[in-house]
Amino acid sequence: MAEEQVLNTHNADILLSAANKSHYPQDDLPEVALAGRSNVGKSSFINTLLGRKNLARTSGKPGKTQLLNFYNIDNKLRFVDVPGYGYARVSKKERAKWGKMIEEYLVTRDNLRAVVSLVDLRHDPTQDDVQMYEFLKYYEIPVIIVATKADKIPRGKWNKHASAIKTKLNFDKKDRFIIFSAVTREGYDEAWDTILAEL
Ligand code: GTP
Ligand code: MG
């Protein structure tokens, strides 16, 4: 597999958690951020790509990841787990704080090479999903759409669901769209190849 020629994915650990710029790592390693609504599977995506059960904390409880979590992978790349959006039981004030934190990272971070934007293959993208994609396109941040939880629908329906998502997002054909599952590891190779190509 391609990633094994480039980095030792087993040599991965959480580096730090940050609420703002002053706490980001101070070097120029490339970073790939994971964005998506709460509970969509961002942390599970990281764990799957790193072959770890629980490096990035996952939970049934949405809204658990509150800070930007930086994961160091073999001192060559970092994944940045971004707190999920669209969690209903969050105050207006907290939501505004969240927005500021994400925007500061996405807009000002020179290390950022691409954002993996996760959506649920089973459902139409939410308004927040559409907004995130538009935001990334507006700032010309390379974006990889990962449609996850593919194991929850039959393979024969994947294309239909993928098309519906693309339409709703106003998907740019130049971007990559990957069907993924943290359970079956569907899309694992394609995800790594796509990420490595952005570094
Ligand atoms: P927040 O940190 O709250 O924003 O959530 P998250 O996006 O990090 O989601 P997380 O990875 O914690 O996953 C949420 C739930 O979905 C967990 O119960 C996971 O086990 C489950 N899950 C994630 N990915 C998949 C998948 O591909 N298939 C299935 N069946 N379940 C998944
Ligand atoms: Mg998470």
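Details of the structure are given in the entry above.
A short tour of the structure in this document, coming up.

Counting residues in each nonpolar core, the largest one holds 35 residues, and the members touching the most others are Y105, L106 and L121. Counting residues per element, this core draws most heavily on helix α4 (residues 127-138), at 5 residues. Leave out the neighbours within four places in its chain, and L106 touches L112, V115, M132, F135, L136 and I141. Counting residues in hydrophobic clusters, the runner-up holds 27 residues, among them I46, L49, A191 and W192.

With the rule as written, the count across this model stands at 11 salt bridges. Linking D120 and R37 is a salt bridge whose minimum nitrogen-to-oxygen distance equals 3.6 Å. Placement of D120 in strand β5 (residues 112-120) and of R37 in the loop between β2 (31-36) and α2 (42-50) is noted, with a sequence separation of 83 residues between them. In this structure D120 comes out as buried when scored by relative accessible area, which is 3%.

The next point concerns the packing of α2 against helix α6 (residues 188-198). For the pair α2 and α6, interaxial distance at closest approach is 10 Å and the crossing angle is 90°. When the axis of α2 is compared with that of α6, the two are roughly perpendicular. The segment α2 lies against α6, with F45, T48, L49 and L50 engaging Y188, A191, W192 and I195. Of the residues contributing to the contact of α2 with α6, the split by class is 7 nonpolar, 1 polar and no charged.

Topologically, Y87 is positioned in the loop between β4 (77-81) and α3 (92-108). Between the alpha carbons of Y87 and N11 there is a distance of 32 Å; along the sequence they are 76 residues apart.

A grouping of V107, Y138 and Y139 is seen on the molecular surface, where their side chains present a nonpolar patch of about 330 Å² in accessible area. Turning to its location among the elements, Y138 is positioned in helix α4.

Turning to the pairing of strand β6 (residues 143-148), a few remarks are in order. In terms of burial, β6 is a largely internal element, 6 of the 6 residues being buried. Because side chains alternate across β6, one face comprises the buried residues V143, I145 and A147, and the other comprises I144, V146 and T148, equally buried. Alignment of β5 against β6, held across 6 bridges, turns out to be parallel. Each residue of the ladder has a partner; that of S117, found in β6, is I145. Of the strand pairs in this sheet, β6 and strand β7 (residues 176-179) are connected by 4 bridges, and their pairing is parallel. Its bridge partner lying in β7, V146 is registered against I178. This β-α-β element, β6 to helix α5 (residues 158-169) to β7, shows right-handed connectivity.

Once that is clear, we can look at the sheet that holds β2. Note on sheets: strands pair through backbone hydrogen bonds, and any given pair is parallel or antiparallel. Here we have 7 strands laid out as an open sheet, ordered β1-β3-β4-β2-β5-β6-β7, and mixed in their pairing. Only two strands of the sheet have a single partner each, and these edge strands are β1 (12-18) and β7. Here the strands of the sheet are splayed against their neighbours by 25° on average, with no regard to which way each runs. The sheet strands contacting α6 are β2, β4, β5, β6 and β7, and the helix crosses β7 at an angle near 155°.

Along the chain, R78 turns up in strand β4. Side chain to side chain, R78 and E31 meet in a polar contact 2.8 Å long.

Conventions used here
- Residues numbered from 1 in each chain as written.
- Chains lettered and ligands numbered in written order.
- Predicted model: local features only at pLDDT ≥ 70, side-chain atom pairs only at ≥ 80, totals over all residues.
- Heavy atoms only, no water.
- Core = buried A, V, L, I, M, F, W, Y, C linked by side-chain atoms within 4.5 Å.
- Buried < 20%, exposed > 50% of the residue type's maximum accessible area, 1.4 Å probe, protein only.
- Helix = DSSP H or I, 4+ residues; strand = E, 2+ residues; numbered from the N terminus.
- Contact = heavy atoms within 4.5 Å.
- Salt bridge = Lys/Arg side-chain N within 4 Å of Asp/Glu carboxyl O.
- Axes fitted to C-alpha atoms, helices over the stretch in contact; angles between N-to-C directions.
- Parallel < 35°, antiparallel > 145°, perpendicular 65-115°, else oblique.
- Nonpolar A, V, L, I, M, F, W, Y, C, P; charged D, E, K, R; others polar.
- Patch = residues over 30% accessible without salt bridge, like charges linked within 9 Å, V, L, I, M, F, W, Y side chains within 5 Å.
- Areas by Shrake-Rupley, 256 points an atom, 1.4 Å probe, with all protein chains shown as cover.
- Pairing = 2+ DSSP bridges.
- Right-handed = clockwise from strand over helix to strand, strands pointing away.
- Polar contact = N/O pair within 3.5 Å; in protein donor to acceptor, adjacent residues only side chain to side chain.

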